[in-house]
Amino acid sequence: GVPQQTHAVDSLCPFCGVGCQVTYHVKEDRIVRVEGRDGPANDSRLCVKGRYGFDYVHHPERLTQPLVRREDAPKQAHRDWTAQSAMAQFRPATWDEVLEKIGQQFKGILAKHGNQSLAGFGSAKCSNEEAYLFQKLVRTGFGNHHVDHCTRLCHASSVAALLEGLGSGAVSNPVKDAMKAEVIVVIGANPTVNHPVGATWMKNAVADGAKLIVMDPRQSDLTRIATHHIQFKPDTDVALLNAMLNVIVSENLVDHAFVARRTEGYDAFIKNLTPFTPEAMAPVCGIDADTIRQIARMYATSKASIIFWGMGVSQHIHGTDNARCLIALALLTGQIGRPGTGLHPLRGQNNVQGASDAGLIPMMFPDYQKVSDAKAKAFFEEYWNCELSDKPGLTVVEIMKAIEDKQIRGMYIMGENPAMSDPDAEHARESLASLDFLLVQDIFMTETAALADIVLPASAFAEKTGSFTNTDRTVQMARAALPLPGDARQDLWIIQQVAKAIGLNWKAQTVAEVFDEMRMCMPEIRGITWERLEREDAVTYPCTFEGDTGHPVVFTETFPTPSGKGKLVPASLVHADELPDEDYPIVLMTGRQLEHWHTGSMTRRSAVLDALEPVPVVQMHPEDLNKLGVKAGDVVEMASRRGAIQAYARQDAAVQPGTVFMAFCYAEGAINKLTNPALDPFGKIPELKFCAVRISAS
Ligand code: SF4
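Residues numbered from 1 in each chain as written. Predicted model: local features only at pLDDT ≥ 70, side-chain atom pairs only at ≥ 80, totals over all residues. Heavy atoms only, no water.

A. Seen up close, the packing of helix 4 (residues 128-142) against helix 20 (residues 491-501). The N-to-C vectors of helix 4 and helix 20 enclose an angle of 10 degrees; their axes lie 9 Å apart at closest approach. Looking at the two axes, helix 4 sits roughly parallel to helix 20. Along this stretch, helix 4 crosses helix 20, giving a crossing that reads as left-handed. Contacts between helix 4 and helix 20 pair Glu129, Glu130, Leu133, Phe134 and Leu137 from the former with Asp491, Leu492, Ile495, Gln496, Val498 and Ala499 from the latter. Taken together, the residues that form the contact of helix 4 with helix 20 break down as seven nonpolar, one polar and three charged. (Axes fitted to C-alpha atoms, helices over the stretch in contact; angles between N-to-C directions. Helix = DSSP H or I, 4+ residues; strand = E, 2+ residues; numbered from the N terminus. Parallel < 35°, antiparallel > 145°, perpendicular 65-115°, else oblique. Left-handed = near helix turned anticlockwise from the far one by under 90°. Contact = heavy atoms within 4.5 Å. Nonpolar A, V, L, I, M, F, W, Y, C, P; charged D, E, K, R; others polar.)

B. A look at helix 8 (residues 237-250). An ideal rise of 1.5 Å per residue puts 20 Å on 14 residues; helix 8 measures up with 20 Å between its terminal C-alpha atoms. Here helix 8 lies mainly inside the structure; twelve of its 14 residues are buried. Among the residues of helix 8, those classed as buried are Asp237, Val238, Ala239, Leu240, Leu241, Asn242, Ala243, Met244, Leu245, Asn246, Val247 and Ile248. Downstream of helix 8 by a residue or two, Asn252 has a phi angle that is positive, lying close to 55 degrees. (Expected span 1.5 Å × (residues − 1). Buried < 20%, exposed > 50% of the residue type's maximum accessible area, 1.4 Å probe, protein only.)

C. Representation of the sheet that holds strand 4 (residues 67-69) in the model. Sheet architecture is open: seven strands sit in the order 5-4-18-17-16-6-7, paired in mixed fashion. Two strands in the sheet have a free side with no partner beyond their single neighbour: strand 5 (90-92) and strand 7 (147-148). Here strand 4 pairs with strand 18 (residues 454-457) via two bridges, running antiparallel. When the sheet's bridge partners are listed, Leu67 is paired in strand 18 with Val455. Taken strand by strand, helix 3 (residues 95-113) contacts strand 4, strand 5, strand 6 (118-121), strand 16 (410-414), strand 17 (437-442) and strand 18, and its axis lies near 135 degrees from that of strand 18. Set on the sheet, helix 17 (residues 396-404) makes contact with strand 6, strand 7 and strand 16; between it and strand 6 the angle comes to about 145 degrees. (Pairing = 2+ DSSP bridges.)

D. Here's a closer look at a nonpolar patch on the surface. Residues Tyr52, Val608 and Leu612 make up a contiguous nonpolar surface patch of roughly 270 Å² in combined accessible area. Mapped onto the fold, Leu612 is located in helix 23 (residues 607-612). A residue is classified by how much of its surface remains accessible, and Leu612, at 47% relative accessible area, is partly exposed. (Patch = residues over 30% accessible without salt bridge, like charges linked within 9 Å, V, L, I, M, F, W, Y side chains within 5 Å. Areas by Shrake-Rupley, 256 points an atom, 1.4 Å probe, with all protein chains shown as cover. Salt bridge = Lys/Arg side-chain N within 4 Å of Asp/Glu carboxyl O.)

E. Highlighting helix 4. Across its 15 residues, helix 4 extends 20 Å between first and last C-alpha, which sits within 8% of the 21 Å expected from 1.5 Å per residue. Counting buried positions over the 15 residues of helix 4 gives 15, a clear majority of the element. One or two positions beyond helix 4, positive phi appears at Gly143, with a value near 80 degrees.

F. Structural detail: the sheet that holds strand 21 (residues 538-540). The strand order across the open sheet built from three strands is 19-20-21, with neighbouring strands paired in antiparallel fashion. The sheet terminates laterally at strand 19 (466-469) and strand 21, the two strands that pair on one side only. Averaged over all pairs of adjacent strands, the angle between their axes in this sheet comes to 25 degrees, without regard to strand direction. As paired strands, strand 20 (residues 474-478) and strand 21 are joined by three bridges and run antiparallel to one another. Following the sheet pairing, Val475 is matched in strand 21 by Val539.

Here you go:
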């Protein structure tokens, strides 16, 4: 045939919440190159993942046909599956066959066990339209609100605190506002690794004279350029932050005019701070009182201070309390509602903001309208023409427990990998394997798909058109650059077919039609039309009417709370659920690393990225290596009360002695087998940032 020319398709990076715009250069149905585009979040910049992490779409392990578990292949939870070994458990099938089976299974479970017996996990990797249809399927087809996704494992506690304190769970200012700040606080986040292009704005700001305070138990790339690195003891966030708040009150650094006009709860709040003097908290958090005073003054007295935070704040049983303290810092000092100020919980996945907005959470309809609110329920009953429950659904970790309790009997999992990402992963795998019926929709044979009854071949990012919402609340357009491989199908089509199979009478909708249905029930994005997105590529909400320009900075005059005021909520000092002891003396923190993304299903199939970080490593302080008689590069065994894995020891003075860090992307060293499923009572987020382990030479 005639050789094809390279053509360019404007789209988005599939990885992190920064939401960089990219151009895919495509030749003969393959991406040959990715280039940064001049988007609002990235100004043509890209990181290593965005630039080189695209070839997973062409990986030979892509699923290309529907699969049905073979009758002679029982599910085995306690086996570390590889994609190849798991594939042998299934046989190929046609779409007609699997859709019929899916209908029979889900309808059968509903008939036998009632409408609390099915649940669904959607994905923060899917588009807004897919997230919207998925949650609608669970609410209207399964008849309950047991629908959730990975936000529960990332910022659920931050969102709980933000909704309570400010009336909105999203960020107040975009990442780039770091460039307008005089003081930048980064706490419990490692943006150079997890939001790399976002970190470049912070670095540029520092080069231009901004002061950077990094508060983190670990050193990171940013700590090298920080004015202060506050390397506090893990688990003591509230002690440190309340001590800063104590200084702000006792040294009269409070913005009284702002507090009087725009906040409530001041008296009870400051009363709670009394015991949290810097002197009393210094031994608790490991930071001397003078330094606490200094950073509190810097933050409070600058013309514009902004706070960024990540999972280091949120993934604790006191994650909501941690975030309450950060909100209080901004409210007490009036550092919110202006450019260069505010609160920015850095979103992880590229559409975790949008998936949450679209209702992929068990207690809210789209746009955070509570399922328990009679008005919201009545609206959606009319909008979707069905009866709805008013009982909030179960969350990710609660669903795993409900499976064990035999309440949940069947699940539909689209694009999530709880067998790798859930805490106490051995338990999660047991639960998934014990389901009467598990349907998984994904692009690879993931560790979760290996436990399914039916696996559906889905569309990769570069194969779909849809809208995605980044950490800045900017809704952006992604465009399909590639055809689907084999018999794989668009996720949007698959969800609609599953809906039909379980008896829902939906009319077939295009992506633009789904977006339109969605925006008409979501006041915050009502003004964004599909045509406008196609034309402008990016619009920031709130955008409530057509022609509204969108608002990158919010809370300028009022907060979207019932009273219009921000709420100061006191936080008390609570310690981690599982503290180190004689048997398990070391603290394990988990997270991500630059080259790999979450459970690794994509980046470990990207040649460049996997070559950079090919094996599971655990970062250990040189003192701890010495104590164990282990050398860097040796294999160590790491165990908690819940499970054990092996990994290569990496010497890294970035972690404190007595603590180790490991990324959760390695199937052959699945660190979540060790983590603790204890939950924050408000956000229901598990304590992935702190559990007790022991390590020995292997
Ligand atoms: Fe992609 Fe995030 Fe890197 Fe941008 S910073 S290229 S969105 S991974």
